[in-house]
Amino acid sequence: MDSKKQVSRINRQTWHFAQDVRLQASAVAVGPKEGEGPLAALFDKIHDDMYAGQQTWEDAEKQLMEDAVTMVLQKAKITEKDVDVILAGDLLNQNITTNFTAEKLAIPLLGMYGACSTSMLTLSNAAALVNAGYASKAIAACSSHNATAERQYRYPTEYGGQKPPTAQWTVTGSGAGLVGIGGNGPRITYATLGKVIDMGIKDPFDMGSAMAPAAVSTLQTHFQDTGRSPQTYDLIVTGDLASVGYPIVKELMLKDGYKMEPVYNDCGLMVYSPDQDVFAGASGCASSAVVTYSYIMDQLQKGLLKKVLICATGALLSPVSYQQGHSIPCIAHAVALEGGI
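Residues numbered from 1 in each chain as written. Predicted model: local features only at pLDDT ≥ 70, side-chain atom pairs only at ≥ 80, totals over all residues. Heavy atoms only, no water.

- Within an unreviewed UniProt entry, the label attached to the protein reads Stage V sporulation protein AD, and the organism entered is Brevibacillus centrosporus.

1. Quick word on the domain arrangement of the protein
Okay, step 1: The assigned domain composition of the protein is domain 1 (14-181) and domain 2 (187-338).
Okay, step 2: The gap between the C-alpha centroids of domain 1 and domain 2 is 17 Å.
Okay, step 3: With 62 residues of domain 1 at the contact, the number on the domain 2 side is 59 residues.
Okay, step 4: Considering only the surface of domain 1 that becomes buried against domain 2, Thr14, Met120 and Gln168 emerge as the three largest contributors, covering 15% of it. (Domains from an automatic or database assignment. Contact = heavy atoms within 4.5 Å. Buried area = accessible area lost by both parts, 1.4 Å probe.)

2. Here's the deal with the nonpolar core
Okay, step 1: Among the nonpolar cores identified, the biggest contains 54 residues, and Leu123, Ile188, Val290 and Ile296 are the most heavily contacted of them.
Okay, step 2: For this core, the element with the highest residue contribution is helix α8 (residues 285-301), accounting for 9 residues.
Okay, step 3: Composition of this core by domain shows at least three residues from each of domain 1 (14-181) and domain 2 (187-338).
Okay, step 4: When sequence neighbours within four positions are dropped, the list of residues in contact with Leu123 reads Leu23, Ala140, Val179, Ile188, Tyr293 and Val335.
Okay, step 5: Grouped together as the second largest cluster of nonpolar side chains are 31 residues, Ile197, Met211, Ala212 and Cys311 included. (Core = buried A, V, L, I, M, F, W, Y, C linked by side-chain atoms within 4.5 Å. Buried < 20%, exposed > 50% of the residue type's maximum accessible area, 1.4 Å probe, protein only. Helix = DSSP H or I, 4+ residues; strand = E, 2+ residues; numbered from the N terminus.)

3. Examining the pairing of strand β9 (residues 173-181)
Okay, step 1: Where burial is concerned, most of β9 is hidden: 8 out of the 9 residues are buried.
Okay, step 2: Sheet topology note: the strand β3 (residues 21-30)/β9 ladder contains 9 bridges and is antiparallel. What sits directly across from Ser26, in β9, is Gly177.
Okay, step 3: Summarising the sheet, strand β7 (residues 137-144) and β9 pair through 8 bridges and their orientation is antiparallel. Note that in β9 the partner of Cys142 across the bridge is Gly175. (Pairing = 2+ DSSP bridges.)

4. Details of the side chain of Glu61
Okay, step 1: Tracing the backbone through its elements, the reader meets Glu61 in helix α2 (residues 57-76).
Okay, step 2: Despite being buried, Glu61 has no salt bridge partner; Arg151 is the closest side chain of opposite charge, sitting 9.2 Å away.
Okay, step 3: A polar side-chain atom of Glu61 sits 3.4 Å from a polar atom in the side chain of Thr97.
Okay, step 4: If near-sequence neighbours (up to four positions away) are discounted, Glu61 is found in contact with Asp90, Leu92, Thr97, Ser143, Ser144, His145 and Thr148. (Lys, Arg positive; Asp, Glu negative; His and termini not counted. Salt bridge = Lys/Arg side-chain N within 4 Å of Asp/Glu carboxyl O. Polar contact = N/O pair within 3.5 Å; in protein donor to acceptor, adjacent residues only side chain to side chain.)

Next up, the structure:
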């Protein structure tokens, strides 16, 4: 097969997948708070406690990822041996959720870290491997857990530290998608990889403001590289900018001639109901993952949406970096899904 026909590298940031690469199946497992939100009916598994039947929160997060991957295999009616590689990541040091889960599943692993952008980082690279023929089937997955993230990045929940209104609530959940050639799922047509953007923001409780410029950079690059516009899509979502970063993206995009309304939304505003106490909204790797692999997948399969662009956002800080006074570098990766083709 002529490799030039397999993929078109439009620019150094944007790939166009020429093969019939599809999101063949997806699954989502979440915690109790997410199960009380507006998307609950679309989640495959809802645990009724934060421990997910385990002894620690870290083991609970591993259980969530294992649930998501296991259920996606069941939906596709395949086994672990049919999958060539799993591309996955989480927020914990050394990607421990991913590593421990992959060890149990015995699937070759490419561990990836993009903070909360990991959902589209893994999906874009899974599509690239399948499109190029290096894998016939690949799984993209990621996870986060409110209590594990709090313990690592801020304060243990037992501490009861006060938070400002700009803070966000890390989603407890995991999402997984199976990527392969052909099938009935939506096509993965484009991926636009982001650059690291640092606007000098140092407040670790204001991720929305820090990540918004990275989302703008990736979105504008996607439109410029593909010749598309916001109106090409039925829905455009960012990952977890929530109520702080969401209006910033709309304003910055409009200044450069891109009207995002009425097709633009943010996953951080979609996971929870307005009456749930989640500060500015949702965050975490699972924020965009649980929305993409439940609601967006469902809408595409039903034909209610035809073209969707998911731009997952991530803040690349660590406890050490911000305690030493460094500002917060951010990144965003975007993937286009198209159904009914």
